[in-house]
Amino acid sequence: MAAYEKLVKQYDRQVFRIANHIVQNREDAEDVVQDAFLKAYQKLNQFQGNSKFYTWLVRIAVNESLMRLRKRRTGKMVSIDEDVETEEGSMPRDLADWSPDPEALYGQSEMADILRRTIQGLPPGFRVVFVLRDVDGLSTEETAETLGLSIPAVKSRLLRARLQLRERLSRYFKRRDLKPAQAQDGVK
Amino acid sequence: MTCTEFLAQLDEMLDQDAAIPLRADLEEHLRCCEHCEITLSTTRKTIQIYRSHEIYELPEDLRERLHKAILAKCRKC
Ligand SMILES: [Zn+2]
């Protein structure tokens, strides 16, 4: 039990993060964390050790999260394949360059709001791939294994997720070259 | 090289160490295509920003409550 407690402490933040990204509701995310760690404990003897414990755990957490989503939206099927057939993000449209230091434009909590709102606009199947690959740092192969997707599917979702996020963030981070008259506050 | 061909290799371009057979062609395209140059730099920034901001913080008090609940449930099964 002490050994398992160590695993819980090691991975709880990541499980909470991925659950939030899918269910987008804090209470459900808390439930997912509890259920995922309990399920993993019960199935510990099925863990083969040929994959990383973390990818195995995340797979359980993703399934638990999808189940929560289904309960919430009764009658509507929810899967990791939902809404991915979109043409958006195949070719960037908004080409404005960004401010050299976009993070200086906003305060910490405002920035977190922007990032949250922006990624919430993507289909769940894109969000999850982006978070596992780019935030958690899993490899393409590990992400594919975790989600039960093919490698080409992971690659195409990742590309579109990145491009869509980039395009949506442009609204906030665009370089704003003020005309001299506008730059001086109060000058008529 | 077209922009579409360039985009297909974006993942490899974001990984500076990746051995890409067409690296020279890709870099040549970057030099003369502002579109792809901006796409690459702002996509790189997008990833970096998401990586450096925890948008679903797990507060310490909630964390402790979850640990207790998880371990209690595990002990019962
Ligand atoms: Zn181009």
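Anything mentioned here points back to the structure above.
Predicted, not measured: the structure shown is a model, and the values here were computed from it.

Caption draft 1: The interface of chain A and chain B, seen in detail. In this complex, chain A contributes 51 residues to the contact, which on the side of chain B involves 41 residues. Contact between chain A and chain B buries roughly 4300 Å² in total, counting both sides, with carbon and sulfur atoms accounting for 66%. Where chain A meets chain B, there are 6 salt bridges. In this structure, R13(A) and E60(B) form a salt bridge, with 3.5 Å as the shortest nitrogen-oxygen distance.

Caption draft 2: Just the coordination of the zinc ion, in detail. All names here are of chain B. Protein-derived coordination of the zinc ion comes from C3 (SG), H29 (NE2), C33 (SG) and C36 (SG), at a distance range of 2.1 to 2.4 Å. Geometry at the zinc ion is tetrahedral, judged from its 4 donor atoms and the angles of 101 to 119° they form at the metal. Motif for the zinc ion, donor spacing along one chain: C-x25-H-x3-C-x2-C. In terms of burial, C33 and C36 fall into one category: buried.

Caption draft 3: Molecular detail of the nonpolar core. F37(A), V62(A), F130(A), L169(A), F173(A) and Y50(B) are the most contacted members of the largest nonpolar core, which totals 75 residues. No other element matches the 10 residues that helix α3 (residues 53–72) of chain A contributes to this core. When residues of this core are sorted by domain, at least three fall in each of domain 1 (2–72) and domain 2 (102–184) of chain A. If we ignore the near neighbours within four places in the chain, the residues touching L169(A) are W98(A), I114(A), L115(A), T118(A), T46(B) and Y50(B).

Caption draft 4: How the structure looks around the environment of P100(A). All names here are of chain A. Tracing the backbone through its elements, the reader meets P100 in the loop between α3 and α4 (108–120). Judged by relative accessible area, P100 falls into the exposed class, the value being 69%. Along the primary structure P100 and F53 are separated by 47 residues, whereas in three dimensions their C-alpha atoms are 39 Å apart.

Cut-offs and rules
Residue numbering note: each chain is counted from 1, following its sequence as written. Numbering of ligands from 1 and lettering of chains from A proceed in the order in which they are written. Predicted model: local features are reported for residues with pLDDT of at least 70 only, side-chain atom pairs are reported and counted for 80 or more only, and whole-chain, interface and lining totals are derived from all residues. Just so you know, side-chain values use all the structure's heavy atoms and leave hydrogens and water out. Every residue pair with non-hydrogen atoms within 4.5 Å of one another is taken to be in contact. As a working definition, buried area equals the accessible area (1.4 Å probe) given up by two parts on being put together, with both sides summed. A pair is scored as a salt bridge if a Lys or Arg side-chain nitrogen falls within 4 Å of a carboxyl oxygen belonging to Asp or Glu. Any nitrogen, oxygen or sulfur atom within 2.8 Å of a metal ion counts as a donor, with the limit raised to 3.2 Å for Na, K and Ca, and since water is left out, coordination shells can look unfinished. Geometry assignment treats four donors as tetrahedral when all angles are between 85 and 135 degrees, treats four as square planar and six as octahedral when opposite donors are over 155 degrees apart and all others between 65 and 115, and treats everything else as irregular. Each residue's exposure class comes from its accessible area (1.4 Å probe, protein chains only) as a fraction of the maximum for that residue type: buried when under 20%, exposed when over 50%, partly exposed otherwise. By nonpolar core is meant a set of buried Ala, Val, Leu, Ile, Met, Phe, Trp, Tyr and Cys residues that side-chain atoms within 4.5 Å join together. Secondary structure elements follow DSSP: runs of H or I of four or more residues count as helices, runs of E of two or more count as strands, with numbering from the N terminus. Each domain's extent is set by a domain assignment, obtained either automatically or from a database.

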